[in-house]
Amino acid sequence: MKEIIYIKNMVCNRCIASVLAIFNSENYDVESVELGKVVVVKGVNSNAENLKRTLLSTGFEIIENETDTLIEHIKVKLIHKIQLGETEDLFKILAEEFGKTETALSKLFSKHEGLTLEKYTINLKIEKVKELIQLGQLNFSEIAYTLNYKTSSHLARQFKAITGMSMSDYKSLQDWDRKPFDQIV
């Protein structure tokens, strides 16, 4: 019997590999794995409680209600869009995709996470900026353009407001401080 299991904090390719290994170790026949979602055929020897404990001990969690599932889908979709640099009309696209108004989506997210959807998105973008700075392949103007900022000075102001330092100061650091996407909230 096929079952879709939604997983919280599964936001990168390393997460996919880790979750797949856990499901396999718990005797689940995994049909597919993608960010935030695992499709399985429950094995005869699989144990749901062991699976939950093992996932939890490694920073993952099975999502068991509709609101949590929707919030996790929003987070995964935002991370994916930002990683691809597809940030134009982001909230409008999310609202259409999830069949809700932008306002309803934003209110639901804020109520559930204690942080506005806009602030969460800005935090994700700033972490992406840090990653792009570390890679050293783009200058600040190109980074701003990649993430759909109107001007590089707008990005610079936002970066400083969130991190407390300029992008130049961040670039010159020896010990870069970045948060994994699953720890942003």
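Definitions and cut-offs
Residues numbered from 1 in each chain as written. Predicted model: local features only at pLDDT ≥ 70, side-chain atom pairs only at ≥ 80, totals over all residues. Heavy atoms only, no water. Helix = DSSP H or I, 4+ residues; strand = E, 2+ residues; numbered from the N terminus. Buried < 20%, exposed > 50% of the residue type's maximum accessible area, 1.4 Å probe, protein only. Contact = heavy atoms within 4.5 Å. Areas by Shrake-Rupley, 256 points an atom, 1.4 Å probe, with all protein chains shown as cover. Lys, Arg positive; Asp, Glu negative; His and termini not counted. Charge placed at Lys NZ, Arg CZ, Asp CG, Glu CD. Expected span 1.5 Å × (residues − 1). Arc of directions from axis to C-beta. Axes fitted to C-alpha atoms, helices over the stretch in contact; angles between N-to-C directions. Parallel < 35°, antiparallel > 145°, perpendicular 65-115°, else oblique. Nonpolar A, V, L, I, M, F, W, Y, C, P; charged D, E, K, R; others polar. Patch = residues over 30% accessible without salt bridge, like charges linked within 9 Å, V, L, I, M, F, W, Y side chains within 5 Å. Salt bridge = Lys/Arg side-chain N within 4 Å of Asp/Glu carboxyl O. Core = buried A, V, L, I, M, F, W, Y, C linked by side-chain atoms within 4.5 Å. pLDDT = per-residue confidence, 0-100.

1. Regarding the overall build of the chain
At step 1: Across its full length, the chain holds 9 helices and 4 strands.
At step 2: Projecting the C-alpha coordinates of the chain onto the three principal axes gives extents of approximately 60 × 40 × 25 Å.
At step 3: Per-residue burial for the chain yields a buried fraction of 37% across its 185 residues.
At step 4: A fraction of 61% describes how many contacts in the chain between residues 6 or more apart in sequence connect residues 24 or more apart.
At step 5: Carbon and sulfur atoms make up 48% of the accessible area of the chain, which totals about 10600 Å².
At step 6: Between the mean site of the 24 positive side-chain charges and the mean site of the 26 negative ones, the chain shows a separation of 4 Å.

2. As for helix H5 (residues 102–113)
At step 1: For H5, spanning 12 residues, the distance from its first C-alpha to its last is 16 Å, which sits close to the expected 16 Å at 1.5 Å a residue.
At step 2: Buried residues of H5: Leu105, Phe109 and Glu113, and no others. Viewed along the axis of H5, the buried residues span an arc of 35 degrees, placing them on a single side of the element. Counted as exposed and oriented over 90 degrees from the buried face of H5: Lys107 and Lys111.
At step 3: Next to the buried residues of H5 lie helix H3 (66–84), helix H4 (90–98) and helix H6 (117–135).
At step 4: Directly beyond the C-terminal end of H5, a positive phi value near 70 degrees is found at Gly114.

3. Concerning the packing of H6 against helix H8 (residues 152–163)
At step 1: Relative to each other, H6 and H8 sit at 100 degrees, their axes nearing to 10 Å. Viewed along their axes, H6 and H8 adopt a mutual orientation that is roughly perpendicular. Residues Lys119, Ile122, Asn123, Ile126, Val129, Lys130 and Ile133 of H6 pack against Leu155, Gln158, Phe159, Ile162 and Thr163 of H8.
At step 2: Tallied by class, residues from the contact of H6 with H8 come to 7 nonpolar, 3 polar and 2 charged.

4. Describing the environment of His73
At step 1: Along the chain, the position of His73 falls in helix H3.
At step 2: As for His73 and Lys37, which are separated by 36 residues in sequence, their C-alpha atoms are 9.1 Å apart.
At step 3: Setting aside residues no more than four positions away along its own chain, His73 makes contact with Tyr6 and Phe98.

5. Things to note about a negative patch on the surface
At step 1: Together, Glu88, Asp89, Glu96 and Glu102 make up a negatively charged patch on the protein surface.
At step 2: Tracing the chain through its elements places Glu96 in helix H4.
At step 3: Glu96 gets classed as exposed once you look at its relative accessible area, which sits at 57%.

6. Thoughts on the nonpolar core
At step 1: Counting residues in each nonpolar core, the largest one holds 45 residues, and the members touching the most others are Ile7, Phe23, Leu55 and Ile74.
At step 2: When residues of this core are assigned to their parent elements, the largest contribution, 8 residues, is made by H6.
At step 3: Apart from the residues lying within four places of it in its own chain, the contact partners of Leu55 are Ile7, Val19, Ile22, Phe23, Phe60 and Ile62.

7. Digging into the pattern of salt bridges
Where side chains of opposite charge bring their charged atoms close, a pairing between them can arise.
At step 1: Going through the model one piece at a time under the given rule, you end up with 8 salt bridges.
At step 2: Two residues, Lys52 and Glu64, come together in a salt bridge whose shortest N-O distance is 3.2 Å. Linking Lys52 in helix H2 (residues 48–57) with Glu64 in the loop between strand E4 (61–62) and H3, this pair joins segments that are 12 residues apart in sequence.
At step 3: Judged by its relative accessible area of 28%, Lys52 is partly exposed.

8. Structural notes on the confidence of the model for the chain
At step 1: Per-residue confidence for the chain gives a mean pLDDT of 88, with 92% of residues at or over 70.
At step 2: The lowest-confidence element of the chain is strand E1 (residues 2–8), averaging 87 in pLDDT; the highest-confidence one is H8, averaging 96.

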